[in-house]
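# Commentary on secondary and tertiary structure
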Amino acid sequence: MSKTIRIGTRDSELALWQANIVQNLLEKAGHKTELVPVKSTGDLVLDKPLYELGITGIFTRTLDIAMLNHDIDIAVHSLKDVPTVLPKGIVQAAVLKRGNVNDTLVFKDNEEFLGAKEAVIATGSLRRKAQWLNRYPTHTITDLRGNVNSRLQKLQNNDWNGAIFAAAGIGRIGIRPEEAINLDWMIPAPAQGAIMITALDEDAFVKEACASLNHEETEICTTIERKFLNRLEGGCTAPIGALAKIKDEEILFKGILLSKDGSKKIQVERSEKLGKHEDLAVFCADYIIERGGKRLMDEIKYSNKVTNVFSTKKLTQDQQKLFHEKVVVKSDDFIKISLNRIRPQILKSEIENVILTSKNAVEALITNYSAEELQFKNIYCVGRRTKRLIERKIGPVKHAAKNAKALADYLVEYIEGTKVTYFCSDIRLDALPTILSENNIAVNEVEAYQTKYDGSKVENSVESAMFYSPSTVESFVRSNKNDVIAFCIGETTASEAKQHFKDVRVAKVPTVESVIELVNQHYI
């Protein structure tokens, strides 16, 4: 004896339209049906937590819960809204023949604004926003949410130029305005335009009833698109588009990943023979991942997390990859360097003893002069990287110390002669020249570069800061009153930090990577 198939659906106009289509198809096939609009989650009587069952998806969870509670037998969804991994015990029972896959622009009056520098477009979709801004970077996007009817009404009530909708959505319920064009250049959401039916894996009768409604071509294409989405680990929080089509026994696929603001875009297109397409989604996703997609996804993933660490020096992409997953870091140069023109009279004859305490001083010298023109007998420096730059660009270093004080102490003991030329910044610590002068070593200071404080206010969530020189500390405290944990590149920087912060920590070696390691140890 056949049972009545209870069809679960959300109660919006579009959801009910979709459910009615499924109901009509099932009844034509000879099955008894009943529509069950589900408005809220109701009483949760599940014997396991939602996370253990894998229940996610803002538009699908209510129906998932109703099904697992045996309140409905099947659920009807817009497939683009369904998470790529279904809850335990729930399976995809059928996908109906796909409708219009395109996104549609509904506009007011005319389309002239598309050629204008300024325009306001409404959408609640990150994917649509990113692709629109990639094509029209000077336009403004405003948020638009709600059901299809309410969104169309909001467009009429506001001073916007247009709004973007799924063509299938406004077409199915017969409310597509005349002032609308399909955006065939915009890659749709994976599985856009497709209606999907889910059922309990244990319910053989219902699965068999739904199997007759399945459209194989749509199933193949949407499965590829959703595999691509899953491989990129995306969802509604990532601007990802994907579209597969079958033509002449060949599958044509195109996919896209963008930054949220549309400024970055990675796109892929590939075709495979039907029947030999099993690896198509993985290949295309990996293509995007290998061309910067992983970094872009990480940026998107962490964009919603609060920043807890700030670096007062701009970090490279490779350096950013070194942080522990609990660290959400932002970086900017809190000091700006301006190299000075060093007068040739200073270098007209050989200089016996030269002191270089930073790479900036080295850059000032090699920007002005060739290695042959820099006649230095003995070069003393601070830091491993400064030493490497000197030996690569100028010549051998006689001695390198961890900090300026340690270098001064060394020179007092071992210097040849009684005079040094110190290429430094307009802002520098007194330790080195003071120690040398007190020990009868004359210091000729040459201003090689200027240091400009360029700090800004950091977010209130920042609880730690990374410092690389006393100047970066000074620049930070000029703009911020936060009592942060100070991670310092060396003792000289730490000495300045201790005047402003209670918790000061020093890296084992004076490198940015060592400071990053110090940060990671704190956040493990």
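For the structure, see preceding data.
Quantities reported herein were computed from a predicted structural model and do not represent experimental measurements.

### What to know about the overall build of the protein chain
The number of helices and strands found in the protein chain is 17 helices and 24 strands. A compact globule built from 524 residues should have a C-alpha radius of gyration of about 24 Å, whereas the protein chain, at 32 Å, is more than 25% larger. Here the C-alpha coordinates of the protein chain stretch approximately 105 × 55 × 50 Å along the principal axes. A burial count over the protein chain gives 48% of its 524 residues as buried. Looking at the protein chain alone, contacts between residues at least 24 apart form 64% of all its contacts between residues at least 6 apart.

### Digging into the packing of helix H11 (residues 359-368) against helix H12 (residues 384-393)
Taken N-terminus to C-terminus, the directions of H11 and H12 make an angle of 15°; their axes are 9 Å apart at the nearest point. Relative to H12, H11 is oriented roughly parallel. In terms of crossing hand, the pair formed by H11 and H12 is left-handed. Taken together, the residues of H12 that come into contact with H11 (itself represented by Lys 359, Val 362, Glu 363 and Ile 366) are Arg 385, Thr 386, Leu 389, Ile 390 and Lys 393. Its residues assigned to classes, the contact of H11 with H12 comprises 4 nonpolar, 1 polar and 4 charged.

### Considerations on helix H7 (residues 204-211)
Turning to H7, its buried residues are Val 206, Ala 209 and Cys 210. Projected down its long axis, H7 shows its buried positions confined to an angular sector of 95°, all on one face. The outward face of H7, more than 90 degrees from its buried face, is lined by the exposed residues Ala 204 and Glu 208. Considering only its buried residues, H7 is in contact with strand S1 (5-9), helix H1 (13-28), strand S3 (74-78), strand S4 (90-95) and strand S10 (195-200).

### What to know about the packing of helix H13 (residues 404-414) against helix H14 (residues 431-438)
Relative orientation of the contacting elements H13 and H14 amounts to 20°, with a least axis distance of 8 Å. What the angle tells us is that H13 and H14 run roughly parallel. When the axes of H13 and H14 are compared, the crossing they make is right-handed. Each of Ala 404, Lys 405, Leu 407, Ala 408, Asp 409, Leu 411 and Val 412 in H13 lies in contact with H14, whose residues at this interface are Leu 432, Ile 435 and Leu 436. Of the residues that constitute the contact of H13 with H14, the class distribution is 8 nonpolar, no polar and 2 charged.

### A word on the sheet that holds strand S2 (residues 33-37)
Within the open sheet, the 5 strands sit side by side as S2-S1-S3-S10-S4. Their pairing is mixed. Edge positions in the sheet fall to S2 and S4, since each of these pairs with one other strand and no more. Direction aside, neighbouring strands of the sheet carry axes that sit 30° apart on average. Sheet analysis places S4 next to S10, joined by 5 bridges and oriented antiparallel. Bridge assignment links Gln 92 to a residue of S10, and that residue is Thr 198.

### A short note on H13
Among the residues of H13, Ala 404, Leu 407, Ala 408 and Leu 411 are the ones counted as buried. Take H13 and look down its axis: the buried residues cluster within an arc of 100°, on one side only. With respect to the buried face of H13, the exposed residues turned more than 90 degrees away are Glu 413 and Tyr 414. Buried positions along H13 lie against strand S17 (351-356), strand S18 (376-382), strand S19 (399-401), H14 and helix H16 (491-497). A distance of 3.3 Å separates the backbone nitrogen of Lys 405 from a side-chain oxygen at the start of H13, and that oxygen is part of Asn 403.

### Points about the environment of Glu 463
Secondary-structure assignment places Glu 463 in the loop between strand S21 (442-453) and strand S22 (464-467). Spatially, the C-alpha atom of Glu 463 lies 7.7 Å from that of Asp 483, the residues being 20 residues apart in sequence. When residues no more than four places from it in sequence are discounted, the contact partners of Glu 463 are Asn 308, Val 484, Ile 485 and Tyr 523. A polar contact of 2.9 Å, which involves the side chain of Glu 463, links it to the side chain of Tyr 523.

How each quantity is defined
Going along each chain's sequence as written, the residues are numbered from 1 onward. With pLDDT at 70 or above as the cut-off, local features in this predicted model cover only qualifying residues; side-chain atom pairs require 80 or more to be listed or tallied, and sums for whole chains, interfaces and linings still use all residues. Based on all heavy atoms of the structure, the side-chain values leave hydrogens and waters out of the count. Strands are runs of DSSP state E lasting at least two residues, helices are runs of H or I lasting at least four, and both sets are numbered from the N terminus onward. The size measure is the radius of gyration over C-alpha atoms, and the globule rule it meets is 2.2 Å times the number of residues to the 0.38 power. Partly exposed residues are those whose accessible area sits between 20% and 50% of the maximum for their type, while under 20% is buried and over 50% is exposed, using a 1.4 Å probe and protein chains only. Contacts were defined at the residue level, with two residues in contact if any of their heavy atoms lie within 4.5 Å. Interaxial angles span 0 to 180 degrees and are taken between N-to-C directions of axes, which are lines fitted to C-alpha atoms, for helices over the stretch in contact. Angles are sorted into four bins: roughly parallel if under 35 degrees, roughly antiparallel if over 145, roughly perpendicular if 65 to 115, and oblique for all others. For any pair of crossing helices, the crossing counts as left-handed if the nearer helix is rotated counterclockwise from the farther one by less than a right angle, and right-handed if it is rotated clockwise. Amino acid classes used here: Ala, Val, Leu, Ile, Met, Phe, Trp, Tyr, Cys and Pro are nonpolar; Asp, Glu, Lys and Arg are charged; the rest, including Gly, are polar. In this context, the arc is that of the directions from the helix axis out to the C-beta atoms. Here a strand pair is declared whenever DSSP counts at least two bridges between the two strands. Nitrogen and oxygen atoms within 3.5 Å of one another constitute a polar contact, given that in protein one can donate a hydrogen and the other can accept it, and given that sequence-neighbouring residues count only through two side-chain atoms.

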